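Results of the structural survey
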Amino acid sequence: TRLGENAAVNGMDSMFRQVMSEKLNLVPFDTFILFLKTEAERIGRYKISDSSLAAFHIRNLVPMQMELGDRSRNIFLELSEIIKSTLRTSDIITALNDSTYLTVLVETPLEGGERALERLHESITNLLSQNVSSEPDIRTFAFPIQADKTPSEHIADVMDSFNA
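Just so you know, these numbers come straight off a predicted model, no measurement behind them.

Some thoughts on the overall build of the protein chain
Of regular secondary structure, the protein chain possesses six helices and four strands. Ordered by position in the sequence, the α and β elements of the protein chain form the string α-α-β-α-α-β-β-α-β-α. Over its C-alpha atoms the protein chain spans a radius of gyration of 16 Å, differing by no more than 12% from the 15 Å that the globule rule assigns to 164 residues. With the principal axes as the frame, the protein chain shows a C-alpha extent of 55 × 30 × 30 Å. Counting across all 164 residues of the protein chain, residues that qualify as buried make up 46%. Counted over contacts in the protein chain with a minimum sequence separation of 6, partners at least 24 positions apart contribute 77%. Total accessible area on the protein chain stands at roughly 8700 Å², and carbon and sulfur atoms take up 51% of it.

Structural notes on the pattern of salt bridges
Across all of its chains, the model carries eight salt bridges by this definition. Among the salt bridges present, the one from D137 reaches R59, with a minimum N-O distance of 3.5 Å. Of this pair, D137 sits in the loop between α5 (110-129) and β4 (138-144) while R59 sits in the loop between β1 (52-58) and α3 (61-68); the two residues are 78 residues apart in sequence, bridging distant segments of the chain. Several salt bridges share partner residues, and in doing so they unite E39, R42 and E107 into one network.

Section: the packing of helix α2 (residues 29-46) against helix α6 (residues 151-163)
Each pair of packed helices gets described by two things: the angle between the helix axes and the distance between those axes. Their axes nearest at 9 Å, the elements α2 and α6 cross at an angle of 110°. Considering their axes alone, α2 and α6 lie roughly perpendicular with respect to each other. Counting all contacts with α2, which are made through F29, I33, L36 and K37, the residues of α6 involved are P151, H154 and I155. Residues belonging to the contact of α2 with α6 are distributed by class as follows: five nonpolar, one polar and one charged.

Here's the deal with the pairing of β1
With seven of seven residues buried, β1 is to be regarded as a mostly interior element. Inspection of the sheet shows β1 paired to strand β3 (residues 100-105) by six bridges, in the antiparallel sense. Residue pairing in the sheet places F56 in a bridge with Y101 of β3. Here β1 runs beside β4; their pairing, made up of seven bridges, is antiparallel.

Structural notes on the sheet that holds β3
Strand order in the open sheet made by the four strands is β2-β3-β1-β4, with antiparallel pairing throughout. With one partner strand each, in any of the chains shown, β2 (92-95) and β4 form the two edges of the open sheet. Along the sheet, successive strands turn relative to each other by an average axial angle of 15°, direction set aside.

Brief notes about the confidence of the model for the protein chain
Here the protein chain averages 90 in pLDDT, and 92% of its residues register 70 or above. For the protein chain, the element scoring lowest by mean pLDDT is helix α1 (residues 2-24), at 66; α2 scores highest, at 97. Of the regions scoring below 50 in pLDDT, residues 1-12 engages in eight contacts with residues more than four places distant in sequence or in other chains.

The rules we used
- Residues numbered from 1 in each chain as written.
- Predicted model: local features only at pLDDT ≥ 70, side-chain atom pairs only at ≥ 80, totals over all residues.
- Heavy atoms only, no water.
- Helix = DSSP H or I, 4+ residues; strand = E, 2+ residues; numbered from the N terminus.
- Rg over C-alpha atoms; globule rule 2.2 N^0.38 Å.
- Buried < 20%, exposed > 50% of the residue type's maximum accessible area, 1.4 Å probe, protein only.
- Contact = heavy atoms within 4.5 Å.
- Areas by Shrake-Rupley, 256 points an atom, 1.4 Å probe, with all protein chains shown as cover.
- Salt bridge = Lys/Arg side-chain N within 4 Å of Asp/Glu carboxyl O.
- Axes fitted to C-alpha atoms, helices over the stretch in contact; angles between N-to-C directions.
- Parallel < 35°, antiparallel > 145°, perpendicular 65-115°, else oblique.
- Nonpolar A, V, L, I, M, F, W, Y, C, P; charged D, E, K, R; others polar.
- Pairing = 2+ DSSP bridges.
- pLDDT = per-residue confidence, 0-100.

Right, dumping it as structure tokens:
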């Protein structure tokens with residue numbers, strides 16, 4: 001039934017986020033915003049280093065989860081390992097929603113953030129392509145963290161990019 005399908009999809013979304021939370025030590029969104037604000041202030045104050053805000057979004061996650069079925073948790077664990085091996089322990093990560101994740105890449109200029117996202121995109125695409133029939137649709141963006149922008153403005157940049 002439609003109700004049963006909706007419950008299954010929401011359960012899978014929750015499973016994906018739960019795995020990401022457990023394996024990646026996601027910080028709560030409000031803590032992430034505070035850290036982003038602090039990092040922007042640090043960059044403005046000392047003017048000796050750059051950091052980046054990176055975002056990635058798996059657009060067709062629900063159909064892929066439906067196809068994966070019982071294998072979902074194992075694939076999610078592999079996915080979390082890919083993300084964990086791409087990011088550093090000093091990088092701060094949060095979930096914007098079940099399929100969109102934000103990361104402050106500390107002491108990483110924009111070019112370094114873009115390279116990390118390229119590796120992440122390639123690895124996630126390879127994993128999902130080997131396990132589902134539909135083409136994975138993964139979007140990634142990196143932005144410099146700027147001292148003259150508020151966390152809300154930084155997040156708006158991310159949302160504008162995903163909506164473009």
